[in-house]
Amino acid sequence: MDGTPRRGTRLFRSWTGAARTALTGALRVPAKPLRRGLDRFRQRPGSSVGEVSPLGVQREDVERLVGGPIGSLDLYEHALRHRSIFRGQPTDGTESNERLEFLGDAILGAVVAERLYRRFPDHDEGFLTRTRANLVNGKTLATFATAIGLAPLVLISDNMEASGGRTNATILADAFEAVVGAIYIDKGFTAARTFVHDVLDRCVDLNAAAEQRTNFKSQLLEFVQARALGQPTYDVIAEEGPSHDRQFTVEAVVDEVPRGRGTARSKKQAEQHAAREALTTLRASLNTSGDGAAGTPAPTPEGDAPSKMIGRPEDN
């Protein structure tokens, strides 16, 4: 051989050089570290044939995730990039999914707010605000991400992987929001709204959420038991009106002291009203006396933790 590169070799070198230039221009990272990153992500087990992004995200995986065809695969790769994969490399902070996360957070909040507004027309603003907060917090969003199979697609560094990053609630929640943002950029608000609704339908029982948020007797029981105040009792102190339109007044008694009073057409509803007032009274009393600061912080009457709302959906 005369030492002159063969035509195929020259073409290969030309292609790899062009590819490196294009990739590094898009991601703003040095060529060699990026190529090592490419190899690592592309060599994941179980890879299937199809369009693959520069960092190894497969189009069919993303389309399965979002439930339909997508436009730019690079956009969704961007939504899956955790900042850890750029650690030690010069960046300007735009390469990770944090900007899309910011956008997705706003879209998600609006969609969930609208869903709750339409689903619960008889509930007040306080209920809607508290329920939305529980549906869009990090713990719940991480549960959503796991349920739809997002975790295996998130792009994280080797060190982050070794330290359990793929099950980290913050990383998963951020990626979920970023995917919502990517859907909005790619296909518009209606598509993002549909995606969020599908996830809610799959993961959340909103009827159970409503019951938990308005079951003040259960909340009062948890509140007083946490402070060793005994079991609350409910006493009917008045019955008024004709038999077909009876009104019951009930007192909620905690630690042998009346703490709240409620009136309604049924004893059960009157007890709920009394329990709600008792919660408000006890919270104010603990905050004034300083007991709330010294012991367990006095919770607001918000119901159970968001994880208890996860289950089979019942609402339509």
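Residues numbered from 1 in each chain as written. Predicted model: local features only at pLDDT ≥ 70, side-chain atom pairs only at ≥ 80, totals over all residues. Heavy atoms only, no water.

## Digging into the sheet that holds strand β2 (residues 247-254)
Argument step 1. As summarised here, the arrangement of the 3 strands in space is β1-β2-β3, forming an open sheet in which the pairing is antiparallel. A strand with exactly one partner marks an edge of an open sheet, and here the two such strands are β1 (233-240) and β3 (257-264). The average angle at which neighbouring strand axes cross in this sheet is 25°, direction not considered. (Pairing = 2+ DSSP bridges. Helix = DSSP H or I, 4+ residues; strand = E, 2+ residues; numbered from the N terminus. Axes fitted to C-alpha atoms, helices over the stretch in contact; angles between N-to-C directions.)

## Focus: the nonpolar core
Argument step 1. Counting 53 residues, the largest nonpolar core has Leu 150, Phe 176, Val 179 and Phe 195 as the members making the most contacts within it.
Argument step 2. Among the elements of the structure, α3 (59-66), α4 (73-80), α5 (98-119), α6 (125-135), α7 (138-147), α9 (169-187) and α10 (189-203) are those that each provide at least two residues to this core.
Argument step 3. In terms of residues, this core owes the most to one element, α9, which gives 10 residues.
Argument step 4. Setting aside its immediate chain neighbours within four residues, Phe 195 contacts Leu 65, Val 66, Ile 148, Phe 176, Val 179, Val 180 and Ile 183.
Argument step 5. One finds Val 250, Ala 270, Leu 279 and Leu 286 within the second-largest nonpolar core, a separate group that totals 17 residues. (Core = buried A, V, L, I, M, F, W, Y, C linked by side-chain atoms within 4.5 Å. Buried < 20%, exposed > 50% of the residue type's maximum accessible area, 1.4 Å probe, protein only. Contact = heavy atoms within 4.5 Å.)

## Focus: the packing of aromatic side chains
Argument step 1. Taken as a whole and judged by the stated rule, the model has 3 aromatic pairs.
Argument step 2. A centroid spacing of 5.9 Å and a plane angle of 55° characterise the contact between Phe 144 and Phe 176, whose relative ring orientation is tilted. A residue pair is termed long-range when its members are at least 10 positions apart, and Phe 144 in helix α7 and Phe 176 in helix α9 qualify at 32 residues.
Argument step 3. Taken together, Phe 144, Phe 176 and Phe 195 form an aromatic cluster joined through their ring pairs.
Argument step 4. A cation over an aromatic ring shows up here: Arg 227 above the ring of Phe 223, its NZ or CZ 3.9 Å from the ring centre. (Phe/Tyr/Trp six-rings, centres within 6.5 Å; stacked < 30°, edge-to-face > 60°. Lys NZ or Arg CZ within 6 Å of the ring centre and 35° of its normal.)

## Comments concerning the UniProt feature "active site" (unreviewed entry) in the chain
Argument step 1. Here, UniProt's "active site" (unreviewed entry) annotation points to Asp 105 and Glu 177. The annotated residues occupy 73 residues of the chain but converge on a single region, no pair of C-alpha atoms lying more than 5.5 Å apart.
Argument step 2. Mapped onto the secondary structure, Glu 177 falls in helix α9.
Argument step 3. The class for Glu 177 is buried, based on a relative accessible area of 7%.
Argument step 4. Setting aside its immediate chain neighbours within four residues, Glu 177 contacts Leu 100, Glu 101, Gly 104, Asp 105, Leu 108 and Leu 141. (UniProt positions renumbered as here; feature names shortened; annotations may be inferred.)

## Side note on the pairing of β2
Within a regular strand, the side chains alternate between the two sheet faces.
Argument step 1. The element β2 is extensively covered by neighbouring structure, given that 7 of its 8 residues are classed as buried.
Argument step 2. Sheet topology note: the β1/β2 ladder contains 7 bridges and is antiparallel. Residue pairing in the sheet places Glu 239 in a bridge with Phe 248 of β2.
Argument step 3. Counted between consecutive antiparallel strands, the loop separating β1 from β2 contains 6 residues, among which Gly 241 sits at a positive phi close to 95°.
Argument step 4. As defined by bridge partners, β2 adjoins β3 across 7 bridges and the pair is classed as antiparallel. Counted as the bridge partner of Val 250 is Gly 262 from β3.
Argument step 5. What sits between the antiparallel neighbours β2 and β3 is a turn of 2 residues, in which Asp 255 has the positive phi angle 55°.

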